[in-house]
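# Descriptive structure summary
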Amino acid sequence: MAYIDNIKMFVRVYELGNMSAAARDQRTSPAVASSRIAELERHLGVRLFNRTTRALHATEHGRLFYDGARNILESISEAEGTVMEATQNPRGTLYIAAPLGLGRRVIAPTIPLFQLQFPEIDIRLRLSDRLVDVTAEGLDLAFHLGTLADSDLKVRGIAECERLLVASPNYVAKHGSPADGEALIRDKHACLNLRFPGAQEFQWTLETPDGPKRYEISGPLESDDGDVLTDWAVAGCGIILKPRFEIAHHLTSGSLIPVATATPPYPVQLACLSPSRRHRDPKVQVFTEFMVQKCKGALRQAEVV
């Protein structure tokens, strides 16, 4: 297995472009990662990466070896999956990504229940509100909340999630409650924005009598963490656009109330994304089915609020 481990490390270094990041991904040290790459280079008799103090780039030999290395790992994964499917005993490690709000409220609390049923499946969960590249980051599955771009990923739709514009009673008392999107802009309401590196210019698309309309919102506060925006809204700092399930407890307690209800946001699609080469893996399949049902249950619960 040492040679396979070396290939795995090479693939992750190539995809992440960083030795330390690849080492963390494979749960080892940078020294071990560097040693595995060096051993692979000695075996092949070529240099796979050019290294400087600031960067690491694949050589021409490295680029040529990458496709074959990926095919080797995928063939091994498929062979293991076939055996596990035949024995009805899925096992191995799943690398999962999810948005922060969904991950904290639904995915993470459900994983212990999943592992009770499938103790031989290890989970590596990453939570972030940034856009993730499922293929480049070596993920087996990613939960996506939003508009889906065209890609080669396999998509398993889960549900449409209702979204609301909300603010705290204190904010409304001080600044008024905008009736619609036009008032939102005209009265210069403070809108709390979700921003992260690589994000496009932020707009809110609202449902109007004339169809969908985009509003160029602005405000004094931004964050790449959606829960931080919710905390700021509760503190009276402005208006947020959120899926109902993420703020259900605040709606129940009255710490957040709907605003601009004449032009509500459109629902957002919740889906599971997986690379084509992995969606038939038994451990991916059982995890997907399990989490789809749990997500639907959590969303139904939030809808009654």
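For the structure itself, look to the data block above.
A short tour of the structure in this document, coming up. (Residues numbered from 1 in each chain as written. Predicted model: local features only at pLDDT ≥ 70, side-chain atom pairs only at ≥ 80, totals over all residues. Heavy atoms only, no water.)

On to the pattern of salt bridges. Side chains carrying opposite charge are able to pair once their charged atoms draw close together. Counted under the stated rule, the structure contains 17 salt bridges. The partner of Glu60 in a salt bridge is Arg63, and the shortest N-O contact between them spans 2.8 Å. Remark: Arg63 and Glu60 occur in helix α4 (residues 60–87); sequence separation between them is three residues, near one turn of the helix. A relative accessible area of 40% means that Arg63 is categorised as partly exposed. Between Asp227 and Arg105 there is a salt bridge, and its shortest N-O distance comes to 3.0 Å. Of this pair, Asp227 sits in helix α8 (residues 226–234) while Arg105 sits in helix α5 (residues 100–117), and the two are 122 residues apart along the sequence. Several salt bridges converge on common partners, so that one network encompasses Arg12, Glu15, Asp25, Arg70 and Arg126. (Salt bridge = Lys/Arg side-chain N within 4 Å of Asp/Glu carboxyl O. Helix = DSSP H or I, 4+ residues; strand = E, 2+ residues; numbered from the N terminus. Buried < 20%, exposed > 50% of the residue type's maximum accessible area, 1.4 Å probe, protein only.)

Going through the model one piece at a time under the given rule, you end up with zero disulfides. Note on Cys237: no disulfide assigned, nearest cysteine sulfur contributed by Cys191 at a separation of 13 Å. For Cys295, which is in no disulfide, the shortest distance to another cysteine sulfur is to Cys272 and amounts to 6.5 Å. On the basis of relative accessible area, Cys295 is assigned to the buried category, the value being 1%. (Disulfide = S-S within 2.5 Å.)

Okay, the pairing of strand β14 (residues 268–274) next. Burial of β14 is extensive: six of the seven residues sit out of reach of the surface. Judged from the four bridges that link them, strand β5 (residues 141–145) and β14 form a sheet pairing that is antiparallel. Its bridge partner being in β14, Phe143 is matched across the sheet by Cys272. Relative to β14, strand β6 (residues 154–161) runs antiparallel, the two sharing seven bridges. Among the inter-strand pairings, Glu160 is bridged to a residue of β14, identified as Gln269. (Pairing = 2+ DSSP bridges.)

Contact pair helix α1 (residues 2–16) / helix α3 (residues 30–44): the axes reach a minimum separation of 9 Å and the direction vectors enclose 110°. In this view, α1 runs roughly perpendicular relative to α3, as classed from their interaxial angle. Mapping the contact onto sequence places Tyr3, Asp5, Asn6, Ile7, Met9, Phe10 and Val13 in α1 and Ala33, Arg36, Ile37, Glu39, Leu40, His43 and Leu44 in α3. Its residues assigned to classes, the contact of α1 with α3 shows nine nonpolar, two polar and three charged. (Axes fitted to C-alpha atoms, helices over the stretch in contact; angles between N-to-C directions. Parallel < 35°, antiparallel > 145°, perpendicular 65-115°, else oblique. Contact = heavy atoms within 4.5 Å. Nonpolar A, V, L, I, M, F, W, Y, C, P; charged D, E, K, R; others polar.)

With 15 residues, α3 should reach 21 Å at 1.5 Å per residue; the first-to-last C-alpha distance of 21 Å fits that figure. The positive-phi residue at the C-terminal boundary of α3 is Gly45, with phi of around 75°. (Expected span 1.5 Å × (residues − 1).)

Pairing geometry for strand β3 (residues 92–98) and strand β4 (residues 121–127), over seven bridges, is parallel. What sits directly across from Ala98, in β4, is Leu127. Note that the unit made of β3, α5 and β4 has a crossover that is right-handed. (Right-handed = clockwise from strand over helix to strand, strands pointing away.)

Let us look at α5. A rise of 1.5 Å per residue sets the reference length of α5, with its 18 residues, at 26 Å; its end C-alpha atoms lie 25 Å apart and thus fit the reference within 8%. Most pronounced at Ile107, the bend in α5 amounts to some 35°, and the proline Pro109 follows within four residues. Burial in α5 covers these residues: Leu100, Gly101, Leu102, Gly103, Val106, Ile107, Thr110, Ile111 and Phe114. (Bend = angle between axes of the 7 residues up to and from the residue.)

Here we come to the nonpolar core. Counting 26 residues, the largest nonpolar core has Ile107, Ile123, Phe143 and Phe287 as its most contacted members. Of all elements in the fold, only β3, α5, β4, β5, β6, β14 and α10 (282–303) reach the threshold of two or more residues within this core. With seven residues, the top contributor of residues to this core is α10. Leaving out residues up to four positions away in the same chain, Phe287 has contacts with Leu94, Ile96, Ile111, Phe114, Ile123, Leu141 and Phe143. Among the nonpolar cores identified, the runner-up in size contains 20 residues, and Ile7, Phe10, Val13 and Ala58 belong to it. (Core = buried A, V, L, I, M, F, W, Y, C linked by side-chain atoms within 4.5 Å.)

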